[in-house]
Structure formats: C-alpha cells, structure tokens
Amino acid sequence: MALDSKIPSGPISEKWDKHKFDLKVVSPANKRKFHIIVVGTGLAGGSAAASFAELGYKVTAFCYQDSSRRAHSIAAQGGINAAKNYQNDNDSVYRLFYDTVKGGDFRSREANVYRLAQLSENIIDQCVAQGVPFAREYGGELANRSFGGALVSRTFYARGQTGQQLLLGCYQALARQIGKGAVEMHGRAEMLDLAVVDGHAKGIVVRDMVTGEIKSYAADAVVLATGGYSNVFYLSTNAMGCNVTAAYRAYKKGAFFANPCYTQIHPTCIPGHGDYQSKLTLMSESLRNDGRIWVPKKKDDDRPPNEIPEEDRDYYLERKYPSYGNLAPRDIASRSAKEVCDEGRGVGETGEGVYLDFSDAIERLGEDAIRDRYGNLFHMYEKITAENPYKVPMRIYPAPHYTMGGLWVDYNLMSNLPGLFVIGEANFSDHGANRLGASALMQGLADGYFVIPYTIGDYLARITPGKVKADHEEFKKSEEDVKQRVHKLLSINGKRTVDDFHRQLGRLMWEECGMARNEQGLKKALLEIPKIRDEFWENVKVVGENEELNQCLERAGRVVDFLEFAELMCEDALDRDESCGGHFREEHQTEEGEALRDDENYAHVSAWEFTGVGKKPNLHKEPLEFKEVHLAQRSYK
C-alpha cells in the first residue's frame with residue numbers, strides 16, 4: 001500500500017495555512033449531525049473533545065480512570081516548549097523546528113514538525129487565557145527555562161507541576177462541555193476493540209470496568225488519544241495503567257503501526273531499588289537546569305558524595321558536550337550514564353546510578369530560590385529515598401519513558417484507516433527517533449486544540465453522518481471476540497500471576513530492546529517472546545469474575561497485548577539496521593560512541609501491517625525528505 005502523507009506543497013512556512021484553506025469545511029448547522037468518539041482524555045484527548053464540542057459536534061469520550069484529571073499527562077511536570085522568544089535570546093519558530101528535527105536524529109517529517117513549532121505560540125496564549133499559573137518574572141512577564149537539546153530558554157513552566165496545571169486547564173474546558181451536555185463522558189471504561197465497517201472506523205467496543213458490561217458505541221469518526229506503550233518494559237516512568245491496548249487492537253484491525261522500536265529512555269529517574277518494585281519515578285528533566293551530573297573518576301569509589309573532592313569527580317556530560325553540558329538530549333544523556341556505570345563508576349547499592357548535584361546552584365542562588373523552582377520535586381525525592389537533596393546529591397539513572405513510535409498518521413492526523421484519527425503520544429508523527437524534553441505537552445495540546453479540529457472536518461465533509469449504528473454486524477462480531485477473550489482469560493486458572501509474566505517480559509525487553517540493542521539480542525528476544533506468550537495462555541491465573549470491578553482481569557488483557565506487541569517492537573528494531581536517537585544498535589556507532597545513522601537505506605518511516613499473531617508483519621515505508629534541515633551527523637559538543 002502506498003502511504004499518502006498528504007503533506008501540502010509550497011514553502012514550509014506556508015504549508016499549514018495553505019492546507020487549512022484547502023480542507024473541506026463542515027458548516028455550523030451540519031456539525032450537529034456528526035458524532036465523534038474520543039478515547040483517552042489527557043491533554044490531547046481532553047483538548048480535542050472540548051474543541052469538537054465547542055464547534056458543535058456531538059462527542060462521546062472515554063477514559064479508563066475514574067476522572068480525566070488522573071490522565072498521565074500530569075507526569076510531564078518540567079515544562080512546555082514554545083517559540084515566543086520572551087528571553088530575547090534568538091529563539092524563533094525556525095529554531096524550534098530545527099532543534100526538534102535535529103533532536104529526533106532526522107527521522108521525523110519536516111512538515112509536521114514545522115507546524116508544531118508554529119502552533120507552540122498559540123498554545124501558551126490559550127493556556128494563559130484558561131488561567132494556567134505559569135511562572136512569571138519579577139515584572140510579570142512569563143518566565144522561561146532551558147531544557148535538553150536547546151541553547152535557548154523556551155520552556156514555560158509552573159514550578160515542577162506543569163503537566164498537572166495544564167491538565168487542569170484542559171479539564172476545565174472539557175468539564176464545561178460535559179456540563180452543557182455537548183460531551184457524554186464515560187469514566188472507568190476501557191476500549192477493547194475497534195469496529196471497522198467497509199474499511200472505515202465507525203466505533204469501538206468498550207468494557208465497563210465497574211460492572212463488566214461489554215457494549216458498542218458507533219460514531220462517524222474515532223479519535224485515539226491513548227498515550228504511549230513504555231509499560232511493555234514493566235518498569236517505566238509511566239503510570240501502571242498505561243498500556244498499548246487501544247492502539248494495538250486498532251493495529252490488528254488494519255491500522256499501521258509506525259516505528260514501534262523508537263522508545264525513549266529518560267536520563268533523570270530515581271534508580272530501581274528491588275525486585276518487587278512496580279514502577280519507576282521520574283524526576284523532571286527541568287532539574288538538569290541547575291543540577292550538575294557526575295560520578296567518581298575512579299572505579300569503586302564508595303565514599304559519601306560530599307566527601308569526594310572536585311578533583312576526583314567526573315562531570316562527564318560537561319566534559320563530553322561542552323556546548324550543551326548537562327542539557328544534552330535525553331538519548332545522549334542516558335547512554336552516557338549507562339556508559340560510566342558499565343565502567344564500574346556508578347553510585348548507590350546497585351552501581352546503577354549517577355549523582356545529580358545541586359550544591360553549586362544552592363551556593364549561587366540560595367536554597368530558597370531552588371525551593372521555589374523545584375520544591376515539590378525535592379519533596380517527592382526525599383519521601384521516596386529518605387535522603388535530603390538539599391544536603392546530598394540526588395541519585396538518578398535512565399528508565400523507559402516516552403514512546404516516539406505509534407500508529408501511522410498522515411498530515412491530517414488520520415491513520416491509513418479512514419475515520420480513525422490518532423493524536424498525542426499515540427501517534428508517531430512529530431518526534432522522530434528521540435523527543436526533546438518539554439515537547440510532549442506541546443504536541444498533545446497542538447494536536448487537540450489546533451490541528452484535529454480543522455482536519456477532522458475534511459473527512460466528515462466527505463461522508464454521510466449516522467450511516468452506521470451500534471447494532472451493525474461488525475459491532476456484534478467485535479463484541480463476541482472481546483467476550484471470548486475475557487472468558488478464556490478467566491478460565492485458564494494456572495499458577496503464575498499476570499504481573500509475574502509481565503515482569504518476565506519487561507526484563508527481557510529491557511535487556512535486549514532497551515537502552516542498547518544488537519542483532520544477537522533482538523533475535524534472542526524474538527525466540528523468547530512467543531515462549532512466554534504460550535505459557536501465559538496455559539498457566540496464567542486471573543482471579544475474580546467479569547461482572548465486577550476486576551483489576552486483575554484488566555491487567556491480564558493489557559499484558560496479552562504487550563506479549564504480542566513486544567514481538568513487533570523487536571521486529572522493527574531488528575529491521576532498522578542503523579542507530580538513530582533512542583534506537584541505538586551497538587553495531588552502528590562512531591568511535592566516540594555516538595549513534596551512527598544510515599541515511600541511504602533508513603531515511604524512512606517504517607509502518608507495519610498486521611498479518612496475524614506470531615507471523616511477521618508486512619513493512620510499508622514512507623520516505624522522509626529533508627529540504628529545510630540538511631542531513632548531518634548530530635553534534636552537541
């Protein structure tokens with residue numbers, strides 16, 4: 001199948017405005033005739049649902065949490081990028097565009113990234129109008145700070161809780177539409193299948209997580225805003241409920257999955273501390289503004305950090321990347337931490353940790369200034385580790401975080417399945433092989449507030465509203481498939497828990513498809529994953545019933561999808577025989593240990609088509625063209 005990305009013609013700075021004019025438009029009176037389903041109500045889904053309702057569409061929204069305010073968007077606490085140039089430090093839309101393409105190691109679409117940079121300015125104005133309490137300078141202007149992969153200060157923030165404050169602003173907009181009756185909201189509802197009728201997405205099948213009822217909902221278009229899949233590693237910075245189920249079930253119905261091997265390892269997480277840990281805790285990248293990262297120069301130097309003098313410390317990021325220092329991009333900072341720990345210079349009981357030290361910043365600015373900037377993050381760290389980071393350095397280590405891969409979408413954010421739109425982290429579109437810090441919130445809100453309200457109209461204007469109802473045969477078939485899978489999970493009655501299988505899979509994925517990959521390890525994973533999956537279906541124990549609140553059953557369904565999706569990740573990582581951004585193949589690196597791309601053979605998007613469980617999927621390629629930013633080996637030195 002030829003992948004039509006629908007990228008507009010013309011100069012890159014004019015593409016979006018030209019495209020908006022060329023899109024078909026649904027008149028205000030006709031908008032009331034169309035029904036849109038939105039799955040996921042974090043920043044991307046919540047802003048989209050609120051915007052659709054404000055425009056006049058009928059909207060039904062779903063989330064598996066008890067409230068939209070519990071969406072994982074709150075975890076992006078460090079800030080949100082925008083090319084406002086308030087600091088007068090030579091920022092611009094083009095510089096944000098350039099930094100993002102370069103940060104993604106030249107594996108993203110130029111047109112999508114430029115649009116994102118353009119819309120970043122509107123996002124800040126929108127959020128200020130909603131009352132989001134961004135930090136301000138003494139004179140009242142909005143403040144900015146630096147983030148990884150940039151030499152300018154463009155990150156707007158609300159202390160260390162930016163994601164939470166932005167989500168509250170978005171939630172207010174959504175709640176207003178719920179109150180008006182324009183959005184029908186379903187909490188504690190999990191999408192378990194996509195209904196496709198005559199090649200078009202026309203609705204979803206949902207399980208009520210309180211009663212167990214399986215029910216179908218029909219609409220004229222479906223929007224997935226269901227986040228990323230880092231929990232395939234079991235231990236990640238994601239909330240424990242984050243999963244790949246909605247996107248993967250859509251993939252099994254014909255939607256292409258793009259670049260699944262592109263997973264981000266965040267350099268600033270609290271190190272793991274035991275075999276029974278259920279998740280990892282992210283310490284915001286904003287801490288790298290004032291914290292200096294170091295390890296002892298000598299192996300096995302187990303002195304307390306405050307007793308190690310300056311001459312015995314290796315500030316390795318400052319040494320290796322003098323221009324960017326501690327604000328090197330995430331993939332580079334993460335690999336550098338792994339490198340020094342592999343040399344035996346890691347800190348902490350496990351040796352898998354490096355120091356993030358604020359002593360210089362506290363001496364320069366005072367403890368009160370640091371408390372004002374990062375107080376909630378310092379408090380959280382002390383609660384978890386029982387160490388006071390004002391007095392001793394934090395210990396951090398890389399961990400699975402964001403996922404750049406996702407369902408393939410065109411410039412309109414529509415998948416190859418007509419009527420199925422995918423926004424936010426659930427699509428692949430904007431970040432290439434590595435996401436720059438503070439860009440997740442930017443993409444989610446750009447997609448939800450400023451892109452899809454325009455582009456979905458082009459699709460709806462070409463179809464007849466209300467053509468398919470929930471009693472259609474395809475819905476009945478999907479419902480039956482869901483019920484059979486639920487029954488099978490509950491009937492196995494084996495001896496191993498769901499979490500035990502998930503932990504086994506996650507450990508394998510972290511070792512063979514994590515921070516570094518190689519051909520031998522990926523082939524090993526592709527042999528082991530089917531064995532774990534087969535044993536799961538023979539020996540898992542799922543307690544309880546369907547007709548009740550059953551978190552064990554919920555987790556079992558998600559782990560089933562991870563056990564299939566992990567194979568797709570490894571197939572993609574094996575096929576992409578190069579290193580780029582977060583996809584680091586050990587066979588392809590420079591003498592200095594940097595990622596070595598193969599632009600001649602891999603300057604494309606890998607979009608995979610489902611062919612059956614355990615069968616190799618079909619690969620479709622979307623060539624990437626770089627007309628504005630010329631292909632070059634990344635350098636942050």
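Above this text you will find the structure in question.
Residues numbered from 1 in each chain as written. Predicted model: local features only at pLDDT ≥ 70, side-chain atom pairs only at ≥ 80, totals over all residues. Heavy atoms only, no water.

**Section: the pattern of salt bridges**
Reasoning step 1: If you walk through the whole model with that rule in mind, you get 54 salt bridges.
Reasoning step 2: We note a salt bridge from E578 to R107, for which the minimum N-O separation is 3.0 Å. Of this pair, E578 sits in the loop between helix 16 (551-575) and helix 17 (599-602) while R107 sits in the loop between helix 4 (93-103) and helix 5 (110-129), and the two are 471 residues apart along the sequence. Residues E578 and R107 agree in their burial class; the two are buried. (Salt bridge = Lys/Arg side-chain N within 4 Å of Asp/Glu carboxyl O. Helix = DSSP H or I, 4+ residues; strand = E, 2+ residues; numbered from the N terminus. Buried < 20%, exposed > 50% of the residue type's maximum accessible area, 1.4 Å probe, protein only.)

**Points about the sheet that holds strand 14 (residues 354-357)**
Two orientations exist for strands paired in a sheet by backbone hydrogen bonds: parallel and antiparallel.
Reasoning step 1: Read from one edge to the other, the open sheet built from 5 strands follows the order 11-15-14-12-13, with strand pairing classed as antiparallel. The sheet is open, and its two borders are formed by strand 11 (263-269) and strand 13 (313-314), each paired with just one other strand.
Reasoning step 2: One ladder, built from 3 bridges, connects strand 12 (residues 292-296) with strand 14; its direction is antiparallel. Counted as the bridge partner of W294 is Y355 from strand 14. (Pairing = 2+ DSSP bridges.)

**Concerning the sheet that holds strand 1 (residues 35-39)**
Reasoning step 1: With parallel pairing, the 5 strands of this open sheet are ordered in space as 5-2-1-9-17. A single partner strand is all that each edge strand has here, and the edge strands are strand 5 (183-186) and strand 17 (420-422). Looking at each pair of strands side by side, their axes are set apart by 20° on average, direction ignored.
Reasoning step 2: When strand 1 meets strand 9 (residues 221-224), the two strands line up parallel, connected through 4 bridges. Counted as the bridge partner of I36 is A221 from strand 9.
Reasoning step 3: Lying on the sheet, helix 3 (residues 43-55) is in contact with strand 1, strand 2 (58-62), strand 5 and strand 9; it crosses strand 1 at an angle near 165°.
Reasoning step 4: In the packing of helix 12 (residues 440-460) onto the sheet, the strands contacted are strand 1, strand 9 and strand 17, and the crossing angle to strand 9 comes to about 150°. (Axes fitted to C-alpha atoms, helices over the stretch in contact; angles between N-to-C directions. Contact = heavy atoms within 4.5 Å.)

**Some remarks on helix 7 (residues 245-252)**
Reasoning step 1: Within helix 7, 7 of the 8 residues are buried, leaving the element largely enclosed by the surrounding structure.
Reasoning step 2: Restricting attention to buried positions, one finds in helix 7 the residues T245, A246, A247, Y248, R249, A250 and Y251.
Reasoning step 3: At the exit of helix 7 stands G254, carrying a positive phi of roughly 120°.

**Thoughts on empty space enclosed by the protein**
Think of a ball as big as a water molecule: rolled over the atoms, this probe shows where empty space is left.
Reasoning step 1: In total, this model carries 7 cavities of 30 Å³ or more according to the counting rule given.
Reasoning step 2: Put simply, the largest cavity is a space of about 760 Å³.
Reasoning step 3: What lines the largest cavity is a set of 49 residues, and nearest its centre among them are H72, S73, G227, G228 and E425.
Reasoning step 4: Among the secondary structure elements, those contributing two or more residues to the lining of the largest cavity are helix 3, strand 6 (189-197), helix 7, strand 15 (394-403) and helix 12.
Reasoning step 5: Looking at the lining of the largest cavity element by element, the count peaks at 4 residues for helix 12.
Reasoning step 6: Across the lining of the largest cavity, the residue classes tally to 21 nonpolar, 23 polar and 5 charged. (1 Å grid on protein atoms, 1.4 Å probe; cavity = no way out; pocket = protein on both sides within 12 Å on 5 of 7 lines; lining within 4 Å. Points joined across faces, edges and corners; volume = space filled by probe spheres on them. Nonpolar A, V, L, I, M, F, W, Y, C, P; charged D, E, K, R; others polar.)

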